[in-house]
Amino acid sequence: MRTIILCIVVLLFMGVDSKQGSNRLHADQTGACEMVPKPQSFLHREGHFIIGSTTVIYSPSDSDDTVELGAYLAEHLRTSTGYTLKVTSNPIEIPLNDAIILSLKTQSETLGNEGYRMKIRSKTVGIAASTSAGLFYGIQSLRQALKRDDDGNWTVPCMDIEDKPSYEWRGLLMDSARHFMTTDFIKRYIDLLAYHKMNTLHLHLTDDQGWRIDIKRYPLLTEVGAWRNEGGKRYGGFYTKEELKDIIEYAASRYITVIPEIEMPGHATAAVAAYPEIFCAGADTVAVETTWGIHKNLFCAGKEKTFEFLENVLDEVCDVFPSQYIHIGGDEAKKDHWEKCPDCQKRMQELGIEDEGMLQGYFNKRIEKFLASRGRRTIGWDEILEGGMTSEAIVQSWRGMEGADEGSKLGMSVISSPHDYTYFDYPMHSIRSKAFWMITLPLERVYSFNPAPDELTPEQRALILGSECTIWSEYAPQPEVDQQVFPRLCAFAEVVWTRDEVRNWDDFTNRMTTHFTRLEYLGVDYYKPDVQCGDWAPGSLSETPGVIEWDITGVITGEGHYRLTFDADEGEHGIHVDWVALSQNGIEISRDTHLFESGKENMFQTYRFDVDNYQENAVYTLRASMGGHGGTDTKGSLWIKRFKVAEPLDSL
Ligand code: TNX
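Throughout what follows, the structure given in this document is the object of discussion. Note that the coordinates shown come from a computational prediction; the quantities given were computed from them, not determined experimentally.

Quick look at the overall build of the protein now. Helix and strand content of the protein: 19 helices and 28 strands. Compactness check: the protein gives a C-alpha radius of gyration of 27 Å against a globular reference of 26 Å for 652 residues, within 12% of the reference. The principal-axis extent of the C-alpha atoms belonging to the protein is close to 75 × 65 × 45 Å. A total of 652 residues make up the protein; the buried ones form 58% of that total. As displayed, the protein has an accessible area near 26100 Å², and 50% of this comes from carbon and sulfur atoms.

Structure below.
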């Protein structure tokens, strides 16, 4: 049944897309390569290989990994083409004229750890690499080369590719602390990362607004720390160790390393809410945070209990995560409590240091030493440079590239994640719905990013491992993540995979035309602009809030999650909103209650709704309790955007 539906979907694409389809064929014939990220070297050849029901996949028996790759490729081709191809590790069974051959060439030096060579001819497809990771990336390129011709054959154009990544560290940070993301959703992203030849998933597991990893020795971390009050409802969640191991294993089979981040000493509200004994003396007890921003609730650096706690936590983290690296955060640690806490001050006296920044340095180095005793290397945000770290630690530069410059001068390895190129929580176009700290980050700017800029010396550049993009989730609950991340992740993937000399913006946007079709086929809900669905004129609002209504029938187009934004763009005064509700045929189906007063910092003008039972002929009405804020001369508009329900990925 699934295959039939997929075939219908494909046929639909072919139908709707027939003009584009012939363009695509034409593009190939002129030698353009449509893959994203673009291979380092590509040569177009005449002809096609046809994948039919009799095609055989050969995967070498060198290791379990290589054997599994054959099955992995067959499964993808089955979901795309409907054919269940034979997979063999017996060379005698390879047909001469109808085979996809994976081979491990251990002597190939030019391909490195992740490179591959692919030769597609009319009788065979050959993918060779010196590692199974390389074969895996060759398979991703093959998936992207697959298309259906006018006769309904599944074909791949003849070509030669020689390819390997520019950077060894190609990552995405997912923040499931601010908004929880399900394990299925994370696995879906693992597949999307793999499809774009990325190899690192950084899981931001703890923050002020939630603690998301089960720690056996400290059950309150999840009993208390994983939950917060959101509009009167209990919101949260956490991962059990089994769930995390499952994610790690799933990622490993797609050549992705999962790096955990346990934030310290700042972004620790959820933890100190659960265990106040590791909070500074004299500070009022706290609850798990419900607002965004930089909070001052740090782990106490004076108490030995804090280090005992963190070492025990990290001990369990190391048991779950086999990664060579553990991220300890280190960013945005406001020292207000440390300045007043007798324990912290005593510690500073003992250490003979006068400033709290140095105390954070002591804190970091102690934790780094512990992690080293477990055979792990520490990663921290660029603030870790302030108190001094050993050159063994890795610095993740986020407040620009200064941290990359400074860290590499000290001989430290670097992950470049400057926020103004890599933060996909920032809006891609409209500045209408953004938090005060965000800038607009268009696709072209992401594409122009250079993780190891020319201003650095060759020695410094050699220390840049690569880059990570991020989806911080304060303003991106799970249903909205796809539209924040895509298509920017495609541009980013090319930045970290493809050499500068091979990259070109116009060529990228051309290839994206085809790639958008792939994303759609995969079920990725990539960025769409907001649609205007109402407005208000000066004098139409009173100063005391009243209920205003808009008919928005035409813009509710199906089931899913909707985000509404108020744009109070004209007039001396702003607006005041208490709640917004969505009705279907006069019956309220969803309501979001929170205060918004335009002009006030840290207030968000967006309201969210879910439509679970969409009816095509129903009338949809939006109602808001709102008024002018201080005056009634305000004029503005309402914008809405639909986010599709994330489905498990289909295959190409
Ligand atoms: C800064 S990046 C942060 C995060 C926020 C992000 C929002 C970093 C190390 N800290 O805590 O989520 O900005 O854009």
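Here the focus is the environment of H327. Turning to its location among the elements, H327 is positioned in strand β16 (residues 325-327). Residue H327 is classed as buried on the basis of its relative accessible area, which comes to 0%. With 111 residues separating them in the primary sequence, H327 and K216 have C-alpha atoms 20 Å apart. If we ignore the near neighbours within four places in the chain, the residues touching H327 are H202, I259, P260, E261, I262, I379, G380, W381 and Q396.

One turn of the α-helix equals 3.6 residues, which is why residues spaced by three or four share an orientation. In this model helix α7 (residues 241-252) runs 16 Å from its N-terminal to its C-terminal C-alpha over twelve residues, within 8% of the 16 Å that 1.5 Å per residue would give. Those residues of α7 not exposed but buried are K241, L244, I247, I248 and A251. Along the long axis of α7, the arc covered by the buried residues comes to 120°, so they all point the same way. Of the exposed residues in α7, those oriented more than 90 degrees away from the buried face are E242 and E249.

The next subject is the sheet that holds strand β25 (residues 587-597). Strand order in this open sheet of four strands is β22-β27-β24-β25, and the pairing throughout is antiparallel. Of all the strands in the sheet, just β22 (546-551) and β25 have a single pairing partner and so form its edges. Shown here is a sheet whose adjacent strand axes are inclined to one another by a mean of 20°, direction ignored. Taken together, the eight bridges between strand β24 (residues 574-584) and β25 define a ladder with antiparallel strand orientation. By the bridge assignment, V580 is partnered in β25 with D592.

What follows is about helix α13 (residues 402-409). Looking at α13, one finds that the buried residues are G403, A404, G407 and S408. With its buried residues spanning 120° around the axis, α13 presents them on a single face. Among the exposed residues of α13, those pointing more than 90 degrees away from its buried face are E402 and K409. Where α13 is buried, its residues contact β18 (394-397), β19 (413-416), α16 (458-462) and β20 (464-471).

Counted under the stated rule, the structure contains 30 aromatic pairs. With 5.1 Å between their ring centres and 65° between their planes, W169 and Y325 make a pair best called edge-to-face. Placement of W169 in strand β9 (residues 169-175) and of Y325 in strand β16 is noted, with a sequence separation of 156 residues between them. Judged by its relative accessible area of 5%, W169 falls in the buried class. In this structure Y325 comes out as buried when scored by relative accessible area, which is 13%. When the ring of Y447 is compared with that of W505, the centres are 5.8 Å apart and the planes differ by 55°; the resulting orientation is tilted.

This paragraph deals with the packing of helix α5 (residues 183-195) against helix α17 (residues 478-485). Contact geometry of α5 with α17 gives a least axis separation of 11 Å together with a crossing angle of 15°. When the axes of α5 and α17 are compared, the pair comes out roughly parallel. In this structure, α5 meets α17 at a crossing whose hand is right-handed. Judged by residue contacts, F185, R188 and Y189 of α5 engage Q478, V481, D482 and V485 from α17.

Another point: the site of the ligand. Around the ligand lies a shell formed by R178, H267, D331, E332, W381, W398, Y423, D425, Y426, W437, W472 and E474. Contact distances for the ligand include 2.8 Å between an oxygen atom and a side-chain N or O atom of R178. Within the side chain of D425, a nitrogen or oxygen atom sits 2.6 Å from an oxygen atom of the ligand. Summarising the interface, the protein chains cover 96% of the accessible area of the ligand, which totals 370 Å² for the free molecule. Within the shell around the ligand, the residues separate by chemical class into six nonpolar, one polar and five charged.

Quick notes on the rules
Residues numbered from 1 in each chain as written. Predicted model: local features only at pLDDT ≥ 70, side-chain atom pairs only at ≥ 80, totals over all residues. Heavy atoms only, no water. Helix = DSSP H or I, 4+ residues; strand = E, 2+ residues; numbered from the N terminus. Rg over C-alpha atoms; globule rule 2.2 N^0.38 Å. Buried < 20%, exposed > 50% of the residue type's maximum accessible area, 1.4 Å probe, protein only. Areas by Shrake-Rupley, 256 points an atom, 1.4 Å probe, with all protein chains shown as cover. Contact = heavy atoms within 4.5 Å. Expected span 1.5 Å × (residues − 1). Arc of directions from axis to C-beta. Pairing = 2+ DSSP bridges. Axes fitted to C-alpha atoms, helices over the stretch in contact; angles between N-to-C directions. Phe/Tyr/Trp six-rings, centres within 6.5 Å; stacked < 30°, edge-to-face > 60°. Parallel < 35°, antiparallel > 145°, perpendicular 65-115°, else oblique. Left-handed = near helix turned anticlockwise from the far one by under 90°. Near = heavy atom within 4 Å. Polar contact = N/O pair within 3.5 Å; in protein donor to acceptor, adjacent residues only side chain to side chain. Nonpolar A, V, L, I, M, F, W, Y, C, P; charged D, E, K, R; others polar.

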